[in-house]
Amino acid sequence: SNKNSFPIKLHFNFKQTVTSFNVTKKTSIKNIRQWIQKNEDIQQNQQIVLIYSGKIMHNEDITGQYKIKENSIIDVIIRDDSKIDALIKSLISSN
């Protein structure tokens, strides 16, 4: 394993679970998102939002830009478009 790698914690808000994930300072946010997609069985209509220290994390960035350290906690929010669509439908068809 990479001696420069260290564990961070992914906190899945809706499931209230925490998963450990190894990164380096050069790991891309896209890479973390792809790992979540694969391991958490995320559907196409679901969007993964990653938040660290009050900031939304963007695919093109790397962990080092966010000053992430060992055991830093990243919040993982799974947005489900179908739920949002259903809410919108319920609000506009209520006449």
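See above for the structure.
Small disclaimer: the values here were computed from a predicted structure and weren't measured.

Turning our eyes to something else, we now look at the pattern of salt bridges. Under the criterion given, the structure shown has one salt bridge. A salt bridge links glutamate 40 to lysine 15, with the shortest nitrogen-to-oxygen separation between them at 2.6 Å. Of the two residues, glutamate 40 sits in the loop between helix H1 (29-39) and strand E3 (46-52) while lysine 15 sits in the loop between strand E1 (6-12) and strand E2 (17-23), which places them 25 residues apart along the sequence. The exposure class assigned to glutamate 40 is partly exposed, which follows from its relative accessible area of 21%.

Take tryptophan 35: it is sitting in helix H1. A C-alpha to C-alpha distance of 37 Å links tryptophan 35 and isoleucine 92, two positions 57 residues apart in sequence. Ignoring sequence-local partners within four residues, the contact set of tryptophan 35 consists of Leu10, Thr19 and Phe21.

On to the side chain of threonine 63, then. Topologically, threonine 63 is positioned in the loop between strand E4 (55-56) and strand E5 (73-80). Residue classification places threonine 63 among the buried residues on the basis of a relative accessible area of 1%. In this view, threonine 63 contacts Val23, Thr24, Lys25, Lys26, Thr27, Ile29, Ile32 and Ile68; residues no more than four positions away in its chain are not counted.

Before going further, it helps to examine the environment of isoleucine 74. Mapped onto the fold, isoleucine 74 is located in strand E5. For the pair isoleucine 74 and valine 18, spaced 56 residues apart in sequence, the C-alpha to C-alpha distance is 9.5 Å.

Another point: the environment of serine 90. Along the chain, serine 90 turns up in helix H2 (residues 81-92). Along the chain, serine 90 and asparagine 4 lie 86 residues apart, while their C-alpha atoms are 50 Å from each other.

Glancing now at the sheet that holds E1. Strand-to-strand pairing in sheets goes through backbone hydrogen bonds, with the strands running parallel or antiparallel. Spatial strand order, E2-E1-E5-E3-E4: five strands in an open sheet with mixed pairing. At either margin of the open sheet sits one strand with a lone partner, and together these are E2 and E4. In the sheet, E3 pairs with E5 via six bridges, with the strands oriented antiparallel. By the bridge assignment for E5, isoleucine 48 is matched with isoleucine 78.

What counts, and at which threshold
Residues numbered from 1 in each chain as written. Predicted model: local features only at pLDDT ≥ 70, side-chain atom pairs only at ≥ 80, totals over all residues. Heavy atoms only, no water. Salt bridge = Lys/Arg side-chain N within 4 Å of Asp/Glu carboxyl O. Helix = DSSP H or I, 4+ residues; strand = E, 2+ residues; numbered from the N terminus. Buried < 20%, exposed > 50% of the residue type's maximum accessible area, 1.4 Å probe, protein only. Contact = heavy atoms within 4.5 Å. Pairing = 2+ DSSP bridges.

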